[in-house]
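Residue-level listing of the chains:
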Amino acid sequence: MTRRNSFRIAVSAVGLLMTFLACSSYAAKSSRSVGGDTPITVVIDAGHGGHDRGGIPGQRIAEKDMTLDVALRLRNILSANGYNVVMTRSTDVFVPLGGRVAIANSYRNAIFVCIHFNATGRRGASGIETYFYSRESLPLASAIHYYVVGGAPSDNRGVRRRGYYVLRKTNIPAVLVECGFLTNPTEAAYAQSASYRQKLAEEIAAGIRGRNSVASSFGTTRVATAESIPLQPYMDQTKVTSSKKSRSKRSHKKSARKKKSSSKKSGSEARAGSSDREG
Ligand SMILES: [Zn+2]
């Protein structure tokens, strides 16, 4: 990241911090109520699989392996947190998009989280981006993006609205997160680190837990006020990249400390459970 970009992002982060602080009392209240909610079902969709490697032709790292690994780690974390978890795939198999959507739509009180990594012919392209389609998916998208970007060293490419099949056809809140570019040497190196994939899973889980607190501040103030959400806006109000800033922000939340200890536990469980995938 260039120094200029760092500065730009730092400035943006200050704006986000102010928004966040303004809503911190709401967030703390909401966090306390999470434990009392009816457990929701999280349908985790690991992108691609089987003959579908994902990415672009000739790509060295198979996207399907990275998405599955993060998805399995996320499953472990969410299960440990008391969520009902359903996987569209938990092995290296091909599941058609229609099949994935059918699984998602067979659950009530559920959310759908698709995990992907990005690819492009331009080696310089980098960053995290999160997609949603329906209005009711935006809070979840904002929250997941907020945490993943906060915990990643990558650039923030924003929350975007796009009509991906799995987002358009699902009847429940649905989000697709692109966890970095496997065609970018730096981000590919991160993706190949088991501890980084664990980190990604923990941040996605934090977004799921915080979907009613973090996102509502964006949803009610700046994003969801328009009658219709235009396709593919660049929503940089969620811009925050410095993990240090993110940490200090999160320390305001009562749930942050709880999250730390619980995710540490589930993290070691996850690593133990998927050690054959590391390396
Ligand atoms: Zn993909």
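The structure displayed is predicted, hence computed values, not measured ones.

Caption draft 1: Focus on the overall build of the protein. Along its length, the protein carries eleven helices and six strands. Counting the 279 residues in the protein, one finds 48% classified as buried. Contacts in the protein between residues far apart in sequence, at least 24 positions, make up 84% of those at least 6 positions apart.

Caption draft 2: Representation of the nonpolar core within the structure. Within the largest apolar cluster, 57 residues are counted, with the highest numbers of intra-cluster contacts made by Leu74, Phe112, Val113, Ile144, Val148, Val175 and Ile204. Top element by residues in this core is helix H5 (residues 138-151). It accounts for nine residues. Each residue touching Val175, except ones within four places of it in the same chain, is listed here: Val113, Cys114, Thr130, Tyr131, Phe132, Ser137, Leu140, Ala141 and Ile144.

Caption draft 3: Structural view of helix H3 (residues 63-80). Helix length check: H3 (18 residues) gives 26 Å between terminal C-alpha atoms against 26 Å at 1.5 Å per residue, within 8%. Among the 18 residues in H3, 15 count as buried, and that is most of the element. Within two residues after H3, Gly82 carries a phi angle of roughly 90°, on the positive side.

Caption draft 4: Here's a closer look at unusual backbone geometry. At His48, a residue that is not glycine, the phi angle is positive and equals roughly 65°. Inspection of the secondary structure puts His48 in the loop between strand E1 (41-46) and H3. The buried category is assigned to His48, around which 23 C-beta atoms lie within 10 Å. The phi dihedral of Asn109 is positive, around 50°, even though this residue is not glycine. Topologically, Asn109 is positioned in the loop between helix H4 (97-105) and strand E3 (110-118). Taking the C-beta count within 10 Å as the criterion, Asn109 has 11 such neighbours and is therefore assigned exposed.

Caption draft 5: Spotlight on the environment of Gly54. Residue placement: Gly54 occurs in the loop between E1 and H3. Taking the C-alpha atoms as reference, Gly54 lies 9.2 Å from Asp65; in sequence the two are eleven residues apart.

What counts, and at which threshold
- Residues numbered from 1 in each chain as written.
- Predicted model: local features only at pLDDT ≥ 70, side-chain atom pairs only at ≥ 80, totals over all residues.
- Helix = DSSP H or I, 4+ residues; strand = E, 2+ residues; numbered from the N terminus.
- Buried ≥ 20, exposed ≤ 12 C-beta atoms within 10 Å, placed from the backbone.
- Contact = placed C-beta atoms within 7 Å.
- Core = buried A, V, L, I, M, F, W, Y, C linked by C-beta atoms within 7 Å.
- Expected span 1.5 Å × (residues − 1).

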